[in-house]
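Each chain is listed here by its residues.
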Amino acid sequence: MRIIVGITGGSGSIYALALLKMLREMEIEAHLVVSDMGVNVTEHECGVSLQELKEYCDVFHDNHNLGAAIASGSYLSDGMAVVPCSMKTLSAIANGFSDSLLTRAADVCIKEQRRLVMVVRETPYNPIHLENMLRLARMGVVILPASPAFYNHPQDISDLVSFMVGKILDQLKIENQTYRRWNGEEI
């Protein structure tokens, strides 16, 4: 399998790092593209530099290189996760504004009808955010808010992160045991 991971400037880079680690563990080829703000936020929130970030993927693509393989529909992938997805990036993708490699790769997933999972990170949502999410959902894009569950009684942040990574993998149709699934317990 080949999965594209896009990291933008929304808060939540911890999810992207955990996803990349899980893809590596599962021996799934990971292509990474990071916006300029994604680099800044990842360093601020996780203490991980761009150079270190590159070590988490199989192929790193410069966000300014619109000639990269992932910018073309003829380059096959099994899907893409934008995690975290800022509202700026959401808006660009929803409106076909492919001015970077990240937004172009997402556009390719839409036009080629490949899985595209957008882990949106903002709260609260304003009507523009909601309309952009609805527009993308109607195109088949998965809108996956960064909202971990608590039914599994998480003990620490890593349990919350694992839940979100598992949900991303589920939406990319990748079997995983990353989190404890609900099994019909009586409440």
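The sections below set out a description of the structure shown in this document. (Residues numbered from 1 in each chain as written. Predicted model: local features only at pLDDT ≥ 70, side-chain atom pairs only at ≥ 80, totals over all residues. Heavy atoms only, no water.)

This structure, assessed with the given rule, holds 3 aromatic pairs. When the ring of Tyr151 is compared with that of Trp182, the centres are 5.5 Å apart and the planes differ by 85 degrees; the resulting orientation is edge-to-face. Taken together, the positions of Tyr151 in the loop between β6 (142–143) and α7 (157–171) and Trp182 in the segment after α7 put the pair 31 residues apart, joining distant regions of the chain. A ring pair is formed by Phe163 and Tyr179, whose centres lie 4.9 Å apart and whose planes are at 70 degrees; its orientation type is edge-to-face. With Phe163 in helix α7 and Tyr179 in the segment after α7, this residue pair connects regions lying 16 residues apart in the sequence. The same class applies to Phe163 as to Tyr179, namely buried. Among the aromatic side chains, those forming a connected cluster through ring pairs are Tyr151, Phe163, Tyr179 and Trp182. (Phe/Tyr/Trp six-rings, centres within 6.5 Å; stacked < 30°, edge-to-face > 60°. Helix = DSSP H or I, 4+ residues; strand = E, 2+ residues; numbered from the N terminus. Buried < 20%, exposed > 50% of the residue type's maximum accessible area, 1.4 Å probe, protein only.)

Now for the layout of surface pockets. Of the pockets and cavities examined, the largest pocket occupies roughly 310 Å³. Along the wall of the largest pocket there are 16 residues; nearest its centre are Ser35, Asn63, Lys88, Thr89 and Ser100. Taken together, the elements giving at least two residues each to the lining of the largest pocket come down to α2 (36–46), α4 (87–94) and α5 (101–111). If you tally residues by element for the lining of the largest pocket, the top one is α4, at 3 residues. Residues of the lining of the largest pocket, tallied by class, amount to 4 nonpolar, 9 polar and 3 charged. (1 Å grid on protein atoms, 1.4 Å probe; cavity = no way out; pocket = protein on both sides within 12 Å on 5 of 7 lines; lining within 4 Å. Points joined across faces, edges and corners; volume = space filled by probe spheres on them. Nonpolar A, V, L, I, M, F, W, Y, C, P; charged D, E, K, R; others polar.)

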